[in-house]
Amino acid sequence: MLQLRFLSRTSRLLVKCRQRGVHTAPLLEELTERGFIQDVTRKEELAKALASKPQGVYTGVDPTASSLHIGHLVPLLGLVHFHLHGHKIVPLIGSATGRIGDPSGRSTERKQQTTEDLDNNIAGLTRSVNGFFQRAVKHASTRLGLGKDRVEGGVEVKSNIDWHEKFSMIDFLQVVGVHARINAMMNRESTTAARSRWEGRTSGGTSSRALSSSGKLSNEGETASPEGAFGITTPLLTTPSGEKFGKSAGNAVWLDENLTSVFDFYQYFLKSPDAAMSTYLKLFTFLPRNEIDAIVEVHNASPEQRGAQKVLAAEVTEMVHGAAALDRVQTLTALLFPTSSSTSSSTSSDYSNLTTESIISAFGDSDPRLVYIPESELVESTPIVKLAKRCGLAPSNSAAKTLVASRGLYMNNIVVPDIQTTVSKSQLINDRVLVLRAGKDKLAVIIAQ
């Protein structure tokens, strides 16, 4: 199986035949239509294998952090599709390979972790993966109308340290190294990236760097795949600028609400570009494809209403965080970011369903947008411009005054009329909360103490 590992800029999804249950649907066609397939080895043979009997499928997750992030979603959701079609899936934690630096196609090499950090990441990631599959499989079954027989059956997380720690260098060279071809390795993206980094550090070091990498890369031998084993690569999720998502890239959106609040998770998908709606809905949701086509058609007729983004954000958030969490963030989003803001200074929005507890729960206790201020310093006391500076919505009092003059500062979604405005007790939501907003996206939620 080692020679099936792909080191291109795609996530890996490896398939090996193993008997389980009953398979009746054209899974490979479904995965292709939904956009999960980037490349596949021996496609016709794989289609026949999937149609003939259930298979065993695994994909790897590197333990570079203690939680999954949205960059992991595409290959893991691919596994969910396999599970729902009756196949045995195995999420694999790279406990062994995580002990080795991995450039992952970047211009900088990943920093190696301490044993303690790695062990903590493995434990946390195992919990994260288990929790994700429990929720995702249950969520998917409701969208696809599947019975219990498609949902039941545990998903067992494995660790590759279980066999790698018993695999010596001699074993590796005998079993894998004999298939290595230097010219092929030197032309691969992973090797050329490593060579570019090395050349940036020292001149004349290319050959030694390439040789030192050859043992790691020799599992890419060009011999034919063993009978009954296949490899699938899925598209790599990137930012709008084309950068890979991930911890080391510094742009991860975590599935753990202690690392990324449910509110920010929901908002990320709500702000997805219009052009990506068909692709994202097919990849990240389990809605039937004909329903997705209808959603996109309606969205394209009135894209300013962001109908497709609302469906996408709701589906992914419910799948990852649950229905109760979705209810909270949808309420907050509707109240904190209404489609149109009132321009009246005397009327207020309806916050009757919003409580202090629901706000803190949705944002999380440590969210920097939650600002705690003594009530004596908030009510009929501090001018609104000073509150805006104190909450980080403006860099200075003068900048806050300019914001008010341009009608860009909002208090409970109502335009602040002048720089002398202060907060009255009646304006506090649930007697404790005040929402300040600068422009469309900068937000502070003040909690009176």
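Residues numbered from 1 in each chain as written. Predicted model: local features only at pLDDT ≥ 70, side-chain atom pairs only at ≥ 80, totals over all residues. Heavy atoms only, no water.

Glancing now at the environment of Glu291. As for its placement among the helices and strands, Glu291 is situated in helix H13 (residues 289–301). For Glu291 and Leu281, which are 10 residues apart along the polypeptide, the C-alpha to C-alpha distance reads 10.0 Å. (Helix = DSSP H or I, 4+ residues; strand = E, 2+ residues; numbered from the N terminus.)

Attention shifts here to the sheet that holds strand S9 (residues 414–415). With mixed pairing, 5 strands are arranged side by side in an open sheet as S7-S11-S10-S8-S9. The open sheet has two free edges, formed respectively by strand S7 (370–373) and S9, since each of these has just one partner strand. Note: S7 against strand S11 (residues 442–448), 4 bridges, orientation parallel. Counterpart to Val371 in the pairing with S11 is Ile446. (Pairing = 2+ DSSP bridges.)

Our next topic: the confidence of the model for the protein chain. Looking at the protein chain as a whole, its pLDDT mean stands at 77, while 73% of the residues score no less than 70. Scored below 50 in pLDDT, residues 200–225 makes 47 contacts in the model with residues more than four places away or belonging to other chains. Note that residues 340–348 has pLDDT below 50 and, in this model, 14 contacts with residues that lie over four places away or in other chains. (pLDDT = per-residue confidence, 0-100. Contact = heavy atoms within 4.5 Å.)

We now examine the side chain of Thr285. For Thr285, the location among the structural elements is in the loop between helix H12 (277–284) and H13. Accessibility expressed as a relative area gives 1% for Thr285, which makes it buried. At 3.4 Å, the side chain of Thr285 and the backbone nitrogen of Leu287 are in polar contact. What Thr285 contacts, discounting residues up to four positions off in sequence, is Arg34, Tyr280, Ile292, Leu312 and Glu315. (Buried < 20%, exposed > 50% of the residue type's maximum accessible area, 1.4 Å probe, protein only. Polar contact = N/O pair within 3.5 Å; in protein donor to acceptor, adjacent residues only side chain to side chain.)

The next point concerns the packing of aromatic side chains. The geometry of an aromatic ring pair is captured by the separation of the ring centres together with the interplanar angle, meaning the angle of the planes. In the structure shown here, the tally under the stated rule is 5 aromatic pairs. Relative to Phe133, the ring of Phe132 lies with its centre 5.3 Å away and its plane at 75 degrees, an arrangement referred to as edge-to-face. Residue classification places Phe133 among the buried positions, given a relative accessible area of 2%. By the ring-pair criterion, three or more aromatic residues cluster together here, those being Phe265, Tyr268, Phe269, Tyr280 and Phe284. A cation over a ring is seen here: Arg437 above Tyr410, with NZ or CZ 4.2 Å from the ring centre. (Phe/Tyr/Trp six-rings, centres within 6.5 Å; stacked < 30°, edge-to-face > 60°. Lys NZ or Arg CZ within 6 Å of the ring centre and 35° of its normal.)

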